[in-house]
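Examination of the molecular architecture
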Amino acid sequence: MDEQGLKDMVRARYGSIAASEPDCCGPAASSCCGPSPEPQNIDGKARQMGYSETELASVPDGANLGLGCGNPQAIAAMRSGEVVIDLGSGAGFDCFLAAQQVGPNGRVIGIDMTHEMLKKARENAAKIAATNVEFRLGELEYLPVADNTADVVISNCVINLVPDKAQVFREAFRALKPGGRIAISDIVNTAPLPADLQGDASLVCGCVVGAATIDQIDIWLRDAGFSDVRITAKPESRELISTWAPGRGIEEYVVSAIVEARKP
């Protein structure tokens, strides 16, 4: 599949999630890129990813779609007055949590390539009259933000879906102020995927097929100009990952990881 075909498939997948309609990737059980049918299951997934009850209770209904693979909030160390960019902001879950941390003097910019997700995120922002959060349409390889805008760039289980991941990291570097940092939760590949998994469209959309290795991500980050690169695999995430495609054994090949780095 070419890059545009992959983008179109992922866009259709997430548009259907936002609109709660059937999607192009097929019935892929439950994946990091597919919502659980029951709200309590969505919250349960979020708890497994490290979100607290307080965090879950503080966002508007419909913001948490259960689409992540970790909690970038836990490592971002956001401070009052900072500017945060969320890559692949979805319905706004991490943006609303970040907005609480940076306060009224800070600003959060969510970026998503899916019109339906943007609509949902903006509706969620209106529910709580959020004035320090905005959502912009854009692709992660070409961020709709000026140079040196952000103190922090976060992302939750999205970059693995992008064909040109090296370009995403170059754009994150451009968008950060000097001294700015990234705090990313994503899926990494730990062993070559067998052919039956590699060719499964539902796992392309399901945050498995597009996962890169830790070594490759490290190279991309350093080539982009980042320093203090640290990528920490989370073996305990295999239990959650196994539920994304039950019985397929995907947890033997991918794992969640925390990606941290700084712009000098």
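So, here is what we can say about the structure in this document.

Cut-offs applied
- The numbering scheme is per chain: residues are counted from 1 as the chain's sequence reads.
- Thresholds applied to this predicted model are a pLDDT of at least 70 for local features of residues and 80 or more for the giving and counting of side-chain atom pairs; totals over whole chains, interfaces and linings are not thresholded and use all residues.
- Side-chain metrics in this entry use all non-hydrogen atoms of the structure; hydrogen atoms and water are not considered.
- Only runs of H or I of at least four residues qualify as helices and only runs of E of at least two qualify as strands under DSSP, and these elements are numbered from the N terminus.
- Between the two quantities, the radius of gyration covers C-alpha atoms and the globule rule is 2.2 Å times the number of residues to the power 0.38.
- Exposed residues in this analysis have more than 50% of their type's maximum accessible area, buried residues have under 20%, and partly exposed residues fall in between, with area computed by a 1.4 Å probe over protein chains only.
- The contact definition used throughout considers only heavy atoms, calling two residues in contact when any of these lie within 4.5 Å.
- When charges are tallied, Lys and Arg are placed among the positive residues and Asp and Glu among the negative ones, while His and the ends of the chain are skipped.
- A charge is said to be at NZ when it belongs to Lys, at CZ for Arg, at CG for Asp and at CD for Glu.
- Among the buried residues, those of types Ala, Val, Leu, Ile, Met, Phe, Trp, Tyr and Cys that are joined through side-chain atoms within 4.5 Å form a nonpolar core.
- Structural elements are reduced to axes, namely lines fitted to C-alpha atoms, with helices fitted over the stretch in contact, and the angle between N-to-C directions of any two is expressed from 0 to 180 degrees.
- What sets the label is the angle itself: under 35 degrees gives roughly parallel, over 145 gives roughly antiparallel, 65 to 115 gives roughly perpendicular, and the rest give oblique.
- Take the far helix as your reference; a near helix turned counterclockwise from it by less than a right angle gives a left-handed crossing, and one turned clockwise gives a right-handed crossing.
- When residues are sorted by character, Ala, Val, Leu, Ile, Met, Phe, Trp, Tyr, Cys and Pro go into the nonpolar class, Asp, Glu, Lys and Arg into the charged class, and all the rest, Gly among them, into the polar class.
- Pairing of aromatic rings covers Phe, Tyr and Trp, the last through its six-membered ring, and needs centres within 6.5 Å; plane angles under 30 degrees mean stacked, over 60 mean edge-to-face, and all others mean tilted.
- Put simply, a charge is over a ring when the Lys NZ or the Arg CZ is close to the ring centre, within 6 Å, and near the line of the ring normal, within 35 degrees.

To continue, consider the overall build of the protein chain. On a plain count of helices and strands, the protein chain comes out with 11 helices and 8 strands. The C-alpha radius of gyration of the protein chain comes to 17 Å, within 12% of the 18 Å expected for a compact globule of 264 residues. Taking the principal axes of its C-alpha atoms as reference, the protein chain extends roughly 50 × 40 × 35 Å. Looking at the protein chain as a whole, 57% of its 264 residues are labelled buried. Sequence-distant contacts, at least 24 apart, represent 73% of the contacts inside the protein chain between residues at least 6 apart. For the protein chain, the separation between the mean place of its 24 positive charges and that of its 35 negative charges on side chains is 5 Å.

Our focus in this paragraph is the environment of S16. Turning to its location among the elements, S16 is positioned in helix α1 (residues 3–19). Judged by relative accessible area, S16 falls into the buried class, the value being 6%. C-alpha separation for the pair S16 and E141, spaced 125 residues apart in sequence, amounts to 22 Å.

What follows is about the nonpolar core. One finds Y14, V84, V108, F135, I187, W244 and I250 to be the most contacted residues of the largest nonpolar core, which totals 54 residues. The leading source of residues in this core is helix α5 (residues 93–102), at 7 residues. The residues contacting V84, other than those within four sequence positions of it, are M78, A98, V102, R107, V108, I109, V152 and I154. If you look at the next biggest cluster of nonpolar residues, it comprises 35 residues, including I111, F169, I184 and I217.

What follows concerns the packing of helix α7 (residues 165–175) against helix α10 (residues 214–224). Where α7 meets α10, the closest approach of the two axes is 9 Å, and the angle between their N-to-C directions is 40°. In this view, α7 runs oblique relative to α10, as classed from their interaxial angle. Crossing geometry of α7 relative to α10 is assigned as right-handed. Contacts between α7 and α10 involve K165, A166, F169, R170 and F173 on the former and, on the latter, I217, W220, L221 and A224. In the contact of α7 with α10, the residues fall into 7 nonpolar, no polar and 2 charged.

Summed over the entire model, instances satisfying the criterion amount to 3 aromatic pairs. Ring centres of Y51 and F93 lie 4.8 Å apart, and the angle between their planes is 50°; on these two criteria the pair is classed as tilted. Here F93 lies in helix α5 and Y51 lies in the loop between α2 (39–49) and α3 (53–57), a separation of 42 residues in the sequence. Assigned by exposure class, Y51 and F93 land together as buried. The cationic tip of K263 hangs over the ring face of F173; the distance from NZ or CZ to the ring centre is 4.8 Å.

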